[in-house]
Number of protein chains: 4
Amino acid sequence: MAALRSDAARSRANILDVARTHDRATLRLNDVAREAGVGVGTVYRHFPTVHALIEALSADALDAMLETSRRAAAEPDPGDGLALYLGSALRLQLEDGGLQAVLLSPEDEADSVRNVKREIFESFTTVLEAARAAGAVRADLTVDRLSHLVCGIEHAVRLGTPEDLPLLLQVMLDGLKPRP
Amino acid sequence: MAALRSDAARSRANILDVARTHDRATLRLNDVAREAGVGVGTVYRHFPTVHALIEALSADALDAMLETSRRAAAEPDPGDGLALYLGSALRLQLEDGGLQAVLLSPEDEADSVRNVKREIFESFTTVLEAARAAGAVRADLTVDRLSHLVCGIEHAVRLGTPEDLPLLLQVMLDGLKPRP
Amino acid sequence: MAALRSDAARSRANILDVARTHDRATLRLNDVAREAGVGVGTVYRHFPTVHALIEALSADALDAMLETSRRAAAEPDPGDGLALYLGSALRLQLEDGGLQAVLLSPEDEADSVRNVKREIFESFTTVLEAARAAGAVRADLTVDRLSHLVCGIEHAVRLGTPEDLPLLLQVMLDGLKPRP
Amino acid sequence: MAALRSDAARSRANILDVARTHDRATLRLNDVAREAGVGVGTVYRHFPTVHALIEALSADALDAMLETSRRAAAEPDPGDGLALYLGSALRLQLEDGGLQAVLLSPEDEADSVRNVKREIFESFTTVLEAARAAGAVRADLTVDRLSHLVCGIEHAVRLGTPEDLPLLLQVMLDGLKPRP
DNA sequence: CATGAATGAGGATTCATTCAT
DNA sequence: GATGAATGAATCCTCATTCAT
């Protein structure tokens with residue numbers, strides 16, 4: 001990310017602020033531009049695709065996820081580490097309506113995003129393997145399956161109310177434990 | 001479903017056959033009409049809205065779900081009944097890409113759909129209450145929350161492969177059990 | 001008009017009754033058919049074009065206009081005769097939203113309509129010529145111009161409220177008198 | 001009317017030129033676009049609705065009407081003032097097929113149109129009140145009724161030929177005078 | 001670099017009329 | 001004769017993206 005001229009930086013921040021007030025699934029670049037007081041061209045300059053804009057909007061959440069995944073990997077108790085990671089991931093995805101799309105996308109616009117995603121998955125792998133080794137989770141789980149499961153629970157919560165989160169998270173965590 | 005003239009019935013079946021080959025989320029009535037070899041107006045006559053067409057496509061799956069819910073309610077073992085219903089619901093929703101939308105829609109085009117949905121939810125309520133009374137599931141589950149959870153698991157399976165179904169279903173079922 | 005089978009006569013009357021409740025300018029033959037409980041084809045059989053239906057709807061008004069034109073031609077005072085005809089024509093056109101179209105149309109669907117229109121214009125000509133001969137109206141008026149003027153006043157009343165009728169009629173009648 | 005970029009101004013003028021050759025009552029924005037050699041979107045950008053385009057087409061006529069209404073209000077003889085205004089209004093409405101619609105529309109797209117219409121009606125009110133005070137017209141006339149009457153006479157002239165204008169205008173003016 | 005006008009394919013929907021049943 | 005299903009041109013309008021200014 002090269003240094004930006006101050007006006008360009010202001011435009012960029014402006015665009016992001018406006019975009020944050022929109023539903024990620026129905027982002028209109030023209031609307032964002034108008035509301036941000038810039039031309040459409042400017043939005044396209046900063047964000048060549050809608051996905052690039054969504055990535056930028058999720059940057060903070062992605063960083064938080066990385067931080068969490070590292071803390072989870074450092075947890076002494078592997079089971080606690082996994083629960084910490086899954087719970088945080090779920091909460092972050094619910095707070096940031098575009099994060100699921102960024103995480104699942106096979107293609108990333110920004111290199112930084114690709115790198116952070118890779119690091120998150122690495123830490124998550126560490127967490128999961130430790131938990132499995134400790135017998136804290138079923139043996140047939142993979143990082144992909146678990147990621148999808150978190151996305152599924154996110155979907156379930158979105159169909160209801162945020163108050164459903166604790167229950168559905170708990171159901172998932174309980175379900176992951178190995179059967180006696 | 002009033003009796004249709006034979007030509008109308010043929011058109012209708014034709015349209016449904018073609019529509020079945022399309023992704024429910026991106027159905028274009030114009031495309032369906034062209035591929036079915038009928039005029040757009042014919043599609044609109046049979047299905048005034050896209051949702052009406054999606055409902056019609058899901059009719060069989062909806063009937064199967066009703067049948068299953070009744071069988072589940074008749075199960076001697078309440079826990080088995082619940083597992084039967086949830087597993088079947090999940091499988092049916094995965095087979096029929098529009099069923100989730102039909103089930104979740106607050107508005108129904110066809111009266112028959114509204115009635116079937118109501119009966120399904122009634123049977124499901126019976127099943128869930130029996131399971132709860134028997135101590136086979138957590139007490140804080142509701143029909144809505146469980147329905148959303150099934151939709152969430154459906155979502156998770158779709159993100160991966162159909163082979164993930166048994167695992168994710170088992171995780172859900174295990175997670176629903178009351179904690180000691 | 002050949003004798004109609006009783007069911008056909010019933011259909012026809014039915015269609016006319018329903019059509020009368022619609023705005024003439026926005027008649028949908030399909031809507032009329034549905035509301036009348038008959039097929040579109042039946043409406044088309046009775047009334048090959050929308051104009052044919054509008055003519056049929058105006059039949060009574062047209063008869064009344066003929067009757068009035070004859071009474072006007074028989075008036076001893078030519079000025080009174082003209083005023084009678086113009087006032088009645090205006091009122092009838094305001095009561096029957098399709099009458100203006102029928103009167104102005106160069107083509108008539110039904111022979112009876114063509115004949116009645118011709119007779120009306122003949123009587124009107126008699127009335128106007130008598131009034132002109134008596135010096136009760138300007139000399140530069142023609143049957144066509146006066147007919148158009150009535151249509152214009154009809155239009156003016158429709159832009160406001162029916163209560164404007166007496167005033168605007170009076171303005172027209174006063175304006176037609178020869179200037180001293 | 002904010003300053004337009006030169007290319008935008010060219011498009012706008014182009015669209016207006018083409019639209020002027022069409023009957024206002026049957027304007028198709030797609031046709032205008034094609035004939036003007038621009039995309040549909042361009043027409044919609046300049047004129048979000050058909051009414052907006054019709055307003056723009058009538059801008060000059062509306063200005064002329066405002067100018068006339070002011071001159072009429074400044075006439076020393078109130079009767080002459082009224083005759084001047086009514087005659088000019090009628091002629092302008094006949095020249096501009098969309099002016100009647102603009103004047104009668106309760107909603108205006110452009111603020112400028114709303115303002116000009118308000119000023120016209122204000123001047124007209126002045127003219128009418130002066131004429132009434134001078135005993136030059138009937139006392140039961142209102143600005144609305146007179147406006148409708150002008151529209152009615154416009155309608156009458158359109159049903160015949162432009163040559164009917166002087167006669168019908170004179171009939172109207174004579175009819176407005178108070179009866180002795 | 002920023003701007004925002006222009007593009008135009010794309011998709012939804014209606015309705016007068018025909019014609020198979 | 002009656003029916004109403006089918007037609008499909010016609011119209012409306014949107015929006016992601018490009019490119020002249």
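Once a new chain begins, its residue numbering starts again from 1 and follows that chain's sequence as written. The naming scheme follows written order: chains are lettered A onward, ligands numbered 1 onward. In view of the model being predicted, local features appear only for residues whose pLDDT reaches at least 70, and side-chain atom pairs are presented and counted only at 80 or more, with totals across whole chains, interfaces and linings using the full set of residues. To obtain the side-chain values, all non-hydrogen atoms of the structure were included, while hydrogens and water were left out.

- Naming follows an unreviewed UniProt entry, where chain A appears as Transcriptional regulator, TetR family of Plantibacter elymi.

## Remarks on the protein's contact with DNA strand E
Here is step 1: One heavy atom within 4 Å of a molecule or strand is enough for the residue carrying it to be called near that molecule or strand. Surrounding DNA strand E, one finds 29 residues, the nearest of these being A:T42, A:R45, D:S11, D:T42 and D:R45.
Here is step 2: Backbone sugar and phosphate groups make up 61% of those atoms of DNA strand E lying within 4 Å of the protein.
Here is step 3: Counted as a polar contact is a pair of N or O atoms within 3.5 Å, where, for protein atoms, one must be capable of donating a hydrogen and the other of accepting one, and residues adjacent in sequence contribute only when both atoms are in side chains. The separation between a phosphate oxygen of DNA strand E and a polar side-chain atom of A:R45 is 3.4 Å.
Here is step 4: Within the backbone of D:D7, an N or O atom sits 3.2 Å from a phosphate oxygen of DNA strand E.
Here is step 5: Where helices and strands are cited, they refer to DSSP runs of H or I of at least four residues and of E of at least two residues respectively, numbered from the N terminus. When residues of the surface near DNA strand E are traced back to their parent elements, those giving at least two are helix 3 (40-46) of chain A, helix 2 (29-36) and helix 3 (40-46) of chain B, helix 3 (40-46) of chain C together with helix 1 (6-20) and helix 3 (40-46) of chain D.
Here is step 6: If one sorts the elements of the surface near DNA strand E by residue count, helix 3 of chain D sits on top with 5 residues.
Here is step 7: Only Asp, Glu, Lys and Arg are considered charged, only Ala, Val, Leu, Ile, Met, Phe, Trp, Tyr, Cys and Pro nonpolar, and every remaining residue, Gly among them, polar. Among the residues making up the surface near DNA strand E, the classes are represented as 12 nonpolar, 11 polar and 6 charged.

## So, the UniProt feature "DNA-binding region" (unreviewed entry) in chain A
Here is step 1: UniProt positions are given in the numbering used here, feature names are shortened, and annotations may be inferred rather than shown by experiment. The residues that UniProt annotates with the feature "DNA-binding region" (unreviewed entry) are residues 28-47 of chain A.
Here is step 2: This span, residues 28-47 of chain A, is 75% helix and 0% strand, and a straight line between its end C-alpha atoms measures 13 Å.

## Some thoughts on the packing of helix 5 (residues 59-74) of chain C against helix 8 (residues 111-133) of chain C
All names here are of chain C.
Here is step 1: Only the stretch in contact is used when a helix axis is fitted, and all axes are lines through C-alpha atoms; the angle between N-to-C directions ranges over 0 to 180 degrees. One can describe the packing of helix 5 onto helix 8 by two numbers: an axis separation of 9 Å at closest approach and a directional angle of 25 degrees. The orientation of helix 5 relative to helix 8 falls into the category roughly parallel. Here the hand of the crossing between helix 5 and helix 8 comes out left-handed. Seen from helix 5, the contacting residues are L62, D63, M65, L66, S69, R70, A72 and A73; seen from helix 8, they are V113, V116, E119, I120, S123, T126 and V127.
Here is step 2: Considered class by class, the residues forming the contact of helix 5 with helix 8 number 9 nonpolar, 3 polar and 3 charged. Just so you know how the angles are binned, under 35 degrees is roughly parallel, over 145 roughly antiparallel, 65 to 115 roughly perpendicular, and the rest oblique. Rotating anticlockwise by less than a right angle from the far helix to the near helix defines a left-handed crossing, while the corresponding clockwise rotation defines a right-handed one. By definition, residues are in contact when any of their heavy atoms lie within 4.5 Å.

## Focus: the pattern of salt bridges
Here is step 1: Any carboxyl oxygen of Asp or Glu within 4 Å of a side-chain nitrogen of Lys or Arg constitutes a salt bridge here. Taken as a whole and judged by the stated rule, the model has 48 salt bridges over all chains.
Here is step 2: Here B:D31 ties to B:R34 by a salt bridge, and the two come within 3.1 Å at their closest N and O atoms. A residue pair is termed a helical-turn pair when its members lie 3 or 4 positions apart in one helix, as B:D31 and B:R34 do in helix 2 at 3 residues.
Here is step 3: Of the residues examined, B:D31 reaches a relative accessible area of 26% and is grouped as partly exposed.
Here is step 4: Here's how the labels work: a residue is buried when its accessible area is under 20% of the maximum for its type, exposed when over 50%, partly exposed in between, all with a 1.4 Å probe on protein chains only. Note on B:R34: relative accessible area 58%, which makes it exposed.
Here is step 5: With a closest N to O distance of 2.9 Å, D:R114 and D:D111 form a salt bridge. Here the residue D:R114 and the residue D:D111 both occupy positions in helix 8 (residues 111-133), the gap between them amounting to 3 residues, near one helical turn.
Here is step 6: On the accessibility criterion, D:R114 (39% relative accessible area) is partly exposed.
Here is step 7: On the basis of relative accessible area, D:D111 is assigned to the partly exposed category, the value being 48%.
Here is step 8: A single salt-bridge network, built from bridges that share partners, covers A:R138, A:D140, A:R179, B:D174 and B:K177.

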